[in-house]
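# An overview of the molecular structure
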Amino acid sequence: MILLYGMDGDASWENRNTRFLKPLHIEEILKIKFTVSDKKDIDDDFGMITVDFEGKKENGDVVVISKKNLYRIKKEPPR
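Residues numbered from 1 in each chain as written. Predicted model: local features only at pLDDT ≥ 70, side-chain atom pairs only at ≥ 80, totals over all residues. Heavy atoms only, no water.

For the rest of this paragraph, the subject is unusual backbone geometry. Positive phi is not limited to glycine here, since Lys68 has a value of about 55°. By the element assignment, Lys68 lies in strand β4 (residues 62-74). Owing to a relative accessible area of 59%, Lys68 belongs among the exposed residues under this scheme. (Helix = DSSP H or I, 4+ residues; strand = E, 2+ residues; numbered from the N terminus. Buried < 20%, exposed > 50% of the residue type's maximum accessible area, 1.4 Å probe, protein only.)

Shown next, in the form of structure tokens:
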């Protein structure tokens, strides 16, 4: 499940991360492509990744784009 927040019909991005560009109906399929656009260390146990994503309908129309979503992640121990 993906929670999309910061969306509205305003024409400008301002401080929003996510924008719906076209409507998506219940019976339509949305394919999401995620890209890790940045990563950095926070400390010895945690890091931060920045994820961008783009959602397209099956016909290729871009429906939603989202930039600079930040996630704090626990680092795996060295193998």
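Another aspect to go through is the pairing of strand β2 (residues 30-41). The buried fraction of β2 is low, at 0 of 12 residues. In terms of strand pairing, β2 meets strand β3 (residues 46-57) through 11 bridges, oriented antiparallel. By the bridge assignment, Val36 is partnered in β3 with Val51. From the end of β2 to the start of β3, which pair antiparallel, there are 4 residues. (Pairing = 2+ DSSP bridges.)

Turning our eyes to something else, we now look at the environment of Val63. Mapped onto the elements of the fold, Val63 is located in strand β4. Overall, Val63 belongs to the buried group, its relative accessible area being 0%. Apart from residues lying up to four places away in sequence, Val63 is in contact with Arg19, Phe20, Leu21, Lys22, Pro23, Leu24, Leu30, Gly55, Lys56 and Lys57. (Contact = heavy atoms within 4.5 Å.)

The next thing to look at is the environment of Phe53. Tracing the backbone shows Phe53 in strand β3. Here the alpha-carbon distance between Phe53 and Thr35, two residues 18 residues apart in the chain, equals 6.1 Å.

Before going further, it helps to examine the sheet that holds strand β1 (residues 18-20). Pairing is antiparallel in the open sheet, where 4 strands are placed in the order β1-β4-β3-β2. The sheet is open, and its two borders are formed by β1 and β2, each paired with just one other strand. Within this sheet the neighbouring strands show an average axis-to-axis angle of 20°, counted without direction. (Axes fitted to C-alpha atoms, helices over the stretch in contact; angles between N-to-C directions.)

Turning our eyes to something else, we now look at the pattern of salt bridges. With the rule as written, the count across this model stands at 5 salt bridges. Of the charged contacts, one joins Lys56 and Glu54 as a salt bridge, the two residues approaching to 3.7 Å between their closest N and O atoms. Exposure remark for Lys56: the relative accessible area of 34% places this residue in the partly exposed category. With a closest N to O distance of 3.1 Å, Arg79 and Glu76 form a salt bridge. Each of the two residues, Arg79 as well as Glu76, counts as exposed. (Salt bridge = Lys/Arg side-chain N within 4 Å of Asp/Glu carboxyl O.)

For the structure shown, the criterion picks out 1 aromatic pair. Note that Arg72 overlies the ring of Phe46, its terminal NZ or CZ placed 3.6 Å from the centroid. We note Lys74 situated over the ring of Phe46; from NZ or CZ to the ring centre the distance is 5.2 Å. (Phe/Tyr/Trp six-rings, centres within 6.5 Å; stacked < 30°, edge-to-face > 60°. Lys NZ or Arg CZ within 6 Å of the ring centre and 35° of its normal.)

What is shown is where atoms sit, not what they do.
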